[in-house]
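# Summary of the model geometry
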Amino acid sequence: MIQIYHNPRCGKSRNCLAFIEKSNQDFEIIPYLTETPTFEQLKTLLGQLNLEPIQLIRTKEKIWIENFKGKTLSNDEIINAMVENPILIERPIVVKDGKAIIGRDPDLVASFLD
């Protein structure tokens, strides 16, 4: 089953969800802003994405700029920042068969869903 970590207020996330809906595959929407992933879930997602925690951060978000930018943070501290402030998590994230991508590019999503 496909999972999409979705923010309905984000255009890229809405476009990705529409693309998944058209694929006629079973999927689950995870509204990550209200159902925040745990520390362990984020660690798993990072492994599936093959990314370092800082690569999953939306560094232009006001919360990041005001509270974290310029500080030296460990990977665990960055993950904790995402747990405490899920708006910092890059979106949308699409998970399928134990792998994940950031689904901002429709062509990437198409090849990932095949």
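Per an unreviewed UniProt entry, the protein goes by the name Arsenate reductase (Glutaredoxin) and belongs to Flavobacterium ginsengisoli. Under Sequence similarities (unreviewed entry), UniProt gives the following word-for-word description of the protein: "Belongs to the ArsC family."

## Overview of the overall build of the protein
A tally of regular secondary structure across the protein gives 5 helices and 4 strands. Secondary structure elements of the protein, listed N to C terminal, follow the sequence β-α-β-α-α-α-β-β-α. In terms of C-alpha radius of gyration, the protein reaches 14 Å, essentially the compact-globule figure of 13 Å for 114 residues. Projecting the C-alpha coordinates of the protein onto the three principal axes gives extents of approximately 45 × 25 × 25 Å. Long-range pairs, those at least 24 residues apart, make up 64% of the contacts in the protein between residues at least 6 apart in sequence. Total accessible area computed for the protein in this model is approximately 6,700 Å², and 47% of it derives from carbon and sulfur atoms. Taken as two groups, the 14 positive and 16 negative side-chain charges of the protein have centres that lie 8 Å from each other.

## With respect to the packing of helix α2 (residues 39–49) against helix α4 (residues 75–84)
It is at 9 Å that the axes of α2 and α4 come closest, and there the two elements cross at 115°. Our classification of the angle between α2 and α4 gives roughly perpendicular. In this structure, α2 meets α4 at a crossing whose hand is right-handed. Every residue of α4 that contacts α2 at F39, L42, K43 and L46 is listed here: D76, I79, N80, M82 and V83. Across the contact of α2 with α4, the residue classes break down as 6 nonpolar, 1 polar and 2 charged.

## Some thoughts on the pairing of strand β2 (residues 27–30)
Pairing between strand β1 (residues 2–5) and β2: 4 bridges, direction parallel. Following the sheet pairing, I4 is matched in β2 by I29. Between the parallel pair β1 and β2, the chain is carried across by helix α1 (residues 11–22), and the sense of this crossover is right-handed.

## Some points on the nonpolar core
Residues Y5, L42, L56, M82, L88, I89 and I93 are the most contacted members of the largest nonpolar core, which totals 20 residues. Ignoring sequence-local partners within four residues, the contact set of Y5 consists of S13, I30, Y32, P37, L45, R91, P92, I93 and V95. C16, L17, I20 and V94 belong to the second largest nonpolar core, which has 10 residues in total.

What counts as what
Residues numbered from 1 in each chain as written. Predicted model: local features only at pLDDT ≥ 70, side-chain atom pairs only at ≥ 80, totals over all residues. Heavy atoms only, no water. UniProt positions renumbered as here; feature names shortened; annotations may be inferred. Helix = DSSP H or I, 4+ residues; strand = E, 2+ residues; numbered from the N terminus. Rg over C-alpha atoms; globule rule 2.2 N^0.38 Å. Contact = heavy atoms within 4.5 Å. Areas by Shrake-Rupley, 256 points an atom, 1.4 Å probe, with all protein chains shown as cover. Lys, Arg positive; Asp, Glu negative; His and termini not counted. Charge placed at Lys NZ, Arg CZ, Asp CG, Glu CD. Axes fitted to C-alpha atoms, helices over the stretch in contact; angles between N-to-C directions. Parallel < 35°, antiparallel > 145°, perpendicular 65-115°, else oblique. Left-handed = near helix turned anticlockwise from the far one by under 90°. Nonpolar A, V, L, I, M, F, W, Y, C, P; charged D, E, K, R; others polar. Pairing = 2+ DSSP bridges. Right-handed = clockwise from strand over helix to strand, strands pointing away. Core = buried A, V, L, I, M, F, W, Y, C linked by side-chain atoms within 4.5 Å. Buried < 20%, exposed > 50% of the residue type's maximum accessible area, 1.4 Å probe, protein only.

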